[in-house]
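# Per-entry structural report
Listed below, chain by chain, are the residues.
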Protein chains: 2
Amino acid sequence: MNHYSYDQLHTFSKKIFLAMGCSESHATTAADTLLSADMRGVDSHGVARLSGYVRLWEKKRINAKPNIRVVHESPSTAVVDGDGGLGLVVAPFAMLVAIEKAEKAGTGWVAVRNSNHYGIAGYHAMQALAHDMIGMSMTNASPLVAPTFSKERLLGTNPIAVAIPADEEPPFVGDFATTTAANGKLEILQRKGEPAPNGWIQDKEGNTTTNAYGVKEGGALRPLGGDRQNGSHKGYILGSIVDIFSAVLSGANYGPWAPPFVSFIDPVSDPVGEGLGHFFGAMRIDAFRPASEFKQHMDQWIRRFRGSAPIESNQQVLIPGDPERAFEKERSKKGIPLLEPVEKDLRALGMRFEVEF
Amino acid sequence: MNHYSYDQLHTFSKKIFLAMGCSESHATTAADTLLSADMRGVDSHGVARLSGYVRLWEKKRINAKPNIRVVHESPSTAVVDGDGGLGLVVAPFAMLVAIEKAEKAGTGWVAVRNSNHYGIAGYHAMQALAHDMIGMSMTNASPLVAPTFSKERLLGTNPIAVAIPADEEPPFVGDFATTTAANGKLEILQRKGEPAPNGWIQDKEGNTTTNAYGVKEGGALRPLGGDRQNGSHKGYILGSIVDIFSAVLSGANYGPWAPPFVSFIDPVSDPVGEGLGHFFGAMRIDAFRPASEFKQHMDQWIRRFRGSAPIESNQQVLIPGDPERAFEKERSKKGIPLLEPVEKDLRALGMRFEVEF
């Protein structure tokens, strides 16, 4: 696989966003958000998705010149209307509002409507860290997940991210889809021609299947837990909370009405809100206790967990964020590896917009 | 099984709390909280646990006359010191603080230290509903859960509850342990002499076991997901977030330092904070959008999900809170069934405190 530097891919992505008509600052923000996924090893959400955003823009489902604004607020809350903009730009705006609210009121909570796919959840949550705040981020998404006992796809993979600062230790950064496995993992199995583990997906009748194409063939992803006996109702609750906070609180489309990411599936003709929804939170640590004290206890928490007795001597216990940090370290040195189909896709995009790849 | 009315068990529990030295209002609050579990079918957290609270009080690990107070605050946050009181009383106090903060600031977030077991998470979250607020509640607990890849018990079953109001439909009330299965479910299997499903527990070497006594024999409960392939790292993240919000933010004991509920295991000799921790949240709906509008959309959300195509025609799709509501309806009519060992336990308690059972 060929490797590309962060700067190469950032410059390229930014030029594509500019070519779409984004402002200089929006194009920079969008490229920052997009590339954070490649750096952290979440390849499904990085430059591999760039052409997908372009296709949505071509279908006029993404507005390159949005007027992103606060439409409702209280001392600790706000609702942001993304004006159909790139989620990659709308989300950082909204997270900043949450941080500003938290500076004054102790915490800030921002629900967003009329947005689009916002990249990786963790990136937005992590914006709070430098302010000695805990950051939170969640979003609803294209319906691919069936609630426990249901045959229908009513929820997205609806991720939750929480970033918590420490002192000498790196931060705690949990970032996960509320399904057993994210859709990107299925794509990997499909490429390898391997079956899916039991509990990840169900076929269109609702039966567990190991067919890695099960979702494409009318089935659904299953909520975290996999089946009722193993707690899938808990994954269903989590995905629902994300959906309600992101979309019902904000006035976006929720559940099966959420707009699909892929451009070849049209949004529903009977929307219940505007665009996709997100939800962000920022909590100032010293609104609870002195930040230095908290961060020292976080160091102790992290060291105790990381140092706990492992089951296998060659696999130590991880702290949420460790795997992504390992990717970031390696890719800072060696660059970002791209699969051939992704390179081809980006090359075509470059030719079309007359941007060198 | 004999059935008892709510009033019978409430009166009895209140008298026991009074006998411990609780004030009239604390005894009432504690009985309200405790009985909510029996009514909602969470038998492990109701009157069956009453003698456990008494034993902790005998060991001077519960203070019957606590001075519960706010020790730190900002417009949208507070830290409450429970002064070693019954969690059944400390938690309602803290939830009320969260609601009062939300009245003014839009949201209220309260971290609690120096508390004890607080009953069912859902009861506290539901206090927000009557105020047209979303309620949240979580708590850390005795360490019984091993993080992914670990042999050690570092986390409790750390539940999360979220209560969301609707209009004509009953509210959405999610309330779940962040493990594959709660400890109470293992007790049921033990009584029946049945094995545990794969993924619920691991033995002391960290291997999956179906031995329903595995936890008692030095093993651990597993986080929601069960194993790495099925997403147990996500359950581990969730349990950790609950631990950090409840105990590191508040100054309580976290992780393996959390005080055990059972009186025959002493708390650690090197505490990192005070008592057990909780975390509560209240979000005023109209700090985001008009409450009536939100609640009508919640009705639509609930109806769409409940009405979705079921896998089995005899098992419709449930809304979080439905199973507990069914228990509440039945038990309001027929009373609360108690197992013989629980009756015996309560009778002994009654004799000791000269309270008629």
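Residues numbered from 1 in each chain as written. Chains lettered and ligands numbered in written order. Predicted model: local features only at pLDDT ≥ 70, side-chain atom pairs only at ≥ 80, totals over all residues. Heavy atoms only, no water.

- As annotated in an unreviewed UniProt entry, chain A carries the name Malate dehydrogenase and is attributed to Roseivirga thermotolerans.
- If you open the UniProt record of chain A and go to Sequence similarities (unreviewed entry), you find "Belongs to the LDH2/MDH2 oxidoreductase family." (UniProt positions renumbered as here; feature names shortened; annotations may be inferred.)

## Considering the packing of aromatic side chains
All names here are of chain A.
- Counted according to the given criterion, the structure contains 25 aromatic pairs over all chains.
- On the numbers, 5.2 Å between centres and 35° between planes, the contact of Y4 with F357 is tilted. Linking Y4 in strand β1 (residues 2-4) with F357 in the segment after α10 (340-353), this pair joins segments that are 353 residues apart in sequence.
- Overall, Y4 belongs to the buried group, its relative accessible area being 13%.
- Using a relative accessible area of 30% as the deciding quantity, one classes F357 as partly exposed.
- Plain terms: the ring middles of F172 and W301 are 5.8 Å apart, the flat faces sit at 75° to each other, and that makes the pair edge-to-face. (Phe/Tyr/Trp six-rings, centres within 6.5 Å; stacked < 30°, edge-to-face > 60°. Helix = DSSP H or I, 4+ residues; strand = E, 2+ residues; numbered from the N terminus. Buried < 20%, exposed > 50% of the residue type's maximum accessible area, 1.4 Å probe, protein only.)

## Some words on the relation of the copies chain B and chain A
- At an RMSD of 0.0 Å, chain B and chain A line up after a rotation of 180° and a shift of 0.0 Å along the axis. Both chain copies can therefore be described as sitting about a two-fold axis. When each C-alpha of chain B is compared by its distance to the rotation axis, B:G225 comes out closest, at 2.4 Å.
- A share of 100% of interface residues in chain B that are also interface residues in chain A marks the association as one of identical surfaces. (Least-squares fit on C-alpha atoms with pLDDT ≥ 70 in both. Contact = heavy atoms within 4.5 Å.)

## Details of the environment of B:L221
- You can see B:L221 is positioned in strand β10 (residues 220-221).
- Beyond its immediate stretch of four places on either side in the chain, B:L221 contacts B:L144, B:V145, B:A146, B:T157, B:T179, B:A181, B:N183, B:L186, B:W200, B:I201 and B:V215.

## Things to note about the side chain of A:R331
Residues and elements named next belong to chain A.
- With respect to the helices and strands, R331 occurs in helix α9 (residues 322-334).
- Judged by its relative accessible area of 7%, R331 is buried.
- At 2.5 Å, the side chain of R331 and the backbone oxygen of D38 are in polar contact.
- A polar atom in the side chain of R331 sits 2.8 Å from the side chain of D43.
- Residue contacts for R331: discarding those within four places in its chain leaves D38, M39, G41, D43, I336 and P337. (Polar contact = N/O pair within 3.5 Å; in protein donor to acceptor, adjacent residues only side chain to side chain.)

## Re the packing of helix α1 (residues 6-20) of chain A against α10(A)
Residue and element names in this part refer to chain A.
- Taken N-terminus to C-terminus, the directions of α1 and α10 make an angle of 45°; their axes are 11 Å apart at the nearest point. One element, α1, and the other, α10, form an angle in the oblique class. The handedness of the crossing between α1 and α10 comes out as left-handed. Contact residues: α1 offers F12, I16 and A19, while α10 offers L346, L349, G350 and F353.
- Broken down by class, the residue content of the contact of α1 with α10 amounts to 6 nonpolar, 1 polar and no charged. (Axes fitted to C-alpha atoms, helices over the stretch in contact; angles between N-to-C directions. Parallel < 35°, antiparallel > 145°, perpendicular 65-115°, else oblique. Left-handed = near helix turned anticlockwise from the far one by under 90°. Nonpolar A, V, L, I, M, F, W, Y, C, P; charged D, E, K, R; others polar.)

## Focus: the interface of chain B and chain A
- The interface is formed by 89 residues belonging to chain B together with 89 residues belonging to chain A.
- With both sides pooled, the region where chain B packs onto chain A buries about 7,200 Å², and carbon together with sulfur makes up 68% of that total.
- Three residues stand out in chain B for area buried against chain A, namely B:F149, B:F288 and B:I311, and they jointly supply 11% of the buried area on that side.
- Counting across the interface, chain B meets chain A through 2 salt bridges.
- With a closest N to O distance of 2.8 Å, A:R304 and B:E152 form a salt bridge.
- If you look at where chain B meets chain A, you find 36 residue pairs in polar contact (both at pLDDT 80 or more).
- Among the elements that make up the side of chain B that touches chain A, the one with the highest residue count is helix α7 (residues 232-248) of chain B (12 residues).
- Looking at the side of chain B that touches chain A residue by residue, the classes come out as 50 nonpolar, 27 polar and 12 charged. (Buried area = accessible area lost by both parts, 1.4 Å probe. Salt bridge = Lys/Arg side-chain N within 4 Å of Asp/Glu carboxyl O.)

## A closer look at empty space enclosed by the protein
- Throughout the structure, instances matching the rule amount to 1 cavity of 30 Å³ or more.
- Roughly 350 Å³ of internal volume is contained in the largest cavity.
- For the largest cavity, the lining is made up of 19 residues, of which A:M136, A:M138, A:I160, B:M136 and B:M138 are closest to its centre.
- Listing elements by their share of the lining of the largest cavity, those giving two or more residues are β5 (133-139), β6 (160-164) and α7 (232-248) of chain A together with β5 (133-139), β6 (160-164), α7 and β11 (276-284) of chain B.
- In terms of residue class, the lining of the largest cavity is built from 19 nonpolar, no polar and no charged. (1 Å grid on protein atoms, 1.4 Å probe; cavity = no way out; pocket = protein on both sides within 12 Å on 5 of 7 lines; lining within 4 Å. Points joined across faces, edges and corners; volume = space filled by probe spheres on them.)

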